[in-house]
Amino acid sequence: MQLCGEGFMIASSRNDDGSWDWRTFGTGEGFTADLIVTGFLSADRIQAHSITANHLSADVGQSLDLSSNTSIRMTVESAALKAVGYRVEICSEHGDVLSDRVPSTTLRARVWQGGTEVTDGIDASRFVWTRQSNDETADRVWNAAHTGVKEITLTTADVLYSANYSCDLLEA
């Protein structure tokens, strides 16, 4: 070890010419090291060109930003999309009440995965529409006739007094 005007220097071996192989030093500008061996490193912020680890603790702190690593980012995005699942929304062309003035409307199922609409990429056979009214027998007949389509047209004939309509997505 050497402490001088050039800084604090550490060497563990000598060069071929007999001089010390200084590997680590510190100056008023900070410390520079080409190798640090530690059991625990505590820092508010670490900036690095590359970090290699065979184990990251579950308590890495408030955040662990791996966004610059393309392969990790793609894996996380893929896993997140699978975890988010699908959300089905029903959009009505002419509102949700049929009457003499509005005798029909078209209901369209829109499927979202996260914030992305994916309806066009899903086969129509996976869409199952359900009507629920006070007439269970008529509901079963109507339900059987409305599978495998992404949209349906309702008329006042489809609704005796009131009915609720839903659309589910079958597993692929």
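Summary of the structure given here.

Conventions used here
Residues numbered from 1 in each chain as written. Predicted model: local features only at pLDDT ≥ 70, side-chain atom pairs only at ≥ 80, totals over all residues. Heavy atoms only, no water. Helix = DSSP H or I, 4+ residues; strand = E, 2+ residues; numbered from the N terminus. Buried < 20%, exposed > 50% of the residue type's maximum accessible area, 1.4 Å probe, protein only. Lys, Arg positive; Asp, Glu negative; His and termini not counted. Salt bridge = Lys/Arg side-chain N within 4 Å of Asp/Glu carboxyl O. Polar contact = N/O pair within 3.5 Å; in protein donor to acceptor, adjacent residues only side chain to side chain. Contact = heavy atoms within 4.5 Å. Arc of directions from axis to C-beta. Phe/Tyr/Trp six-rings, centres within 6.5 Å; stacked < 30°, edge-to-face > 60°. Lys NZ or Arg CZ within 6 Å of the ring centre and 35° of its normal. Core = buried A, V, L, I, M, F, W, Y, C linked by side-chain atoms within 4.5 Å.

### With respect to the side chain of D158
Piece 1. Within the secondary structure layout, D158 lies in the loop between β9 (151-155) and β10 (164-169).
Piece 2. R131 provides the closest opposite charge to the buried, salt-bridge-free D158, at an N-O distance of 5.1 Å.
Piece 3. At 3.5 Å, the side chain of D158 forms a polar contact with the side chain of W142.
Piece 4. At a separation of 2.8 Å, a polar atom in the side chain of D158 contacts the main-chain amide nitrogen of T155.
Piece 5. Non-local contacts of D158, meaning those with residues more than four positions away in its chain, are made with R131, W142, T153 and Y165.

### Quick notes on helix α2 (residues 136-145)
Piece 1. Within the span of α2, buried status applies to D139, W142 and N143. Buried residues of α2, viewed axially, fall in a sector of 100 degrees; they line one side. What points out from α2, more than 90 degrees from its buried face, is the exposed set T137, R140, V141, A144 and A145.
Piece 2. Buried residues belonging to α2 abut β8 (127-132), β9 and β10.

### What to know about the packing of aromatic side chains
Piece 1. Enumeration according to the criterion identifies one aromatic pair in this entry.
Piece 2. The lysine or arginine in question, R14, covers the ring of W20, its NZ or CZ lying 4.0 Å from the ring centre.

### What to know about the nonpolar core
Inside soluble globular proteins, nonpolar side chains tend to come together where they are buried.
Piece 1. By size, the foremost hydrophobic cluster in this structure holds twelve residues: L107, A109, V111, I122, F127, W129, W142, I152, L154, Y165, C167 and L169.
Piece 2. Broken down by secondary-structure element, the contributors of at least two residues to this core are β6 (104-113), β8, β9 and β10.

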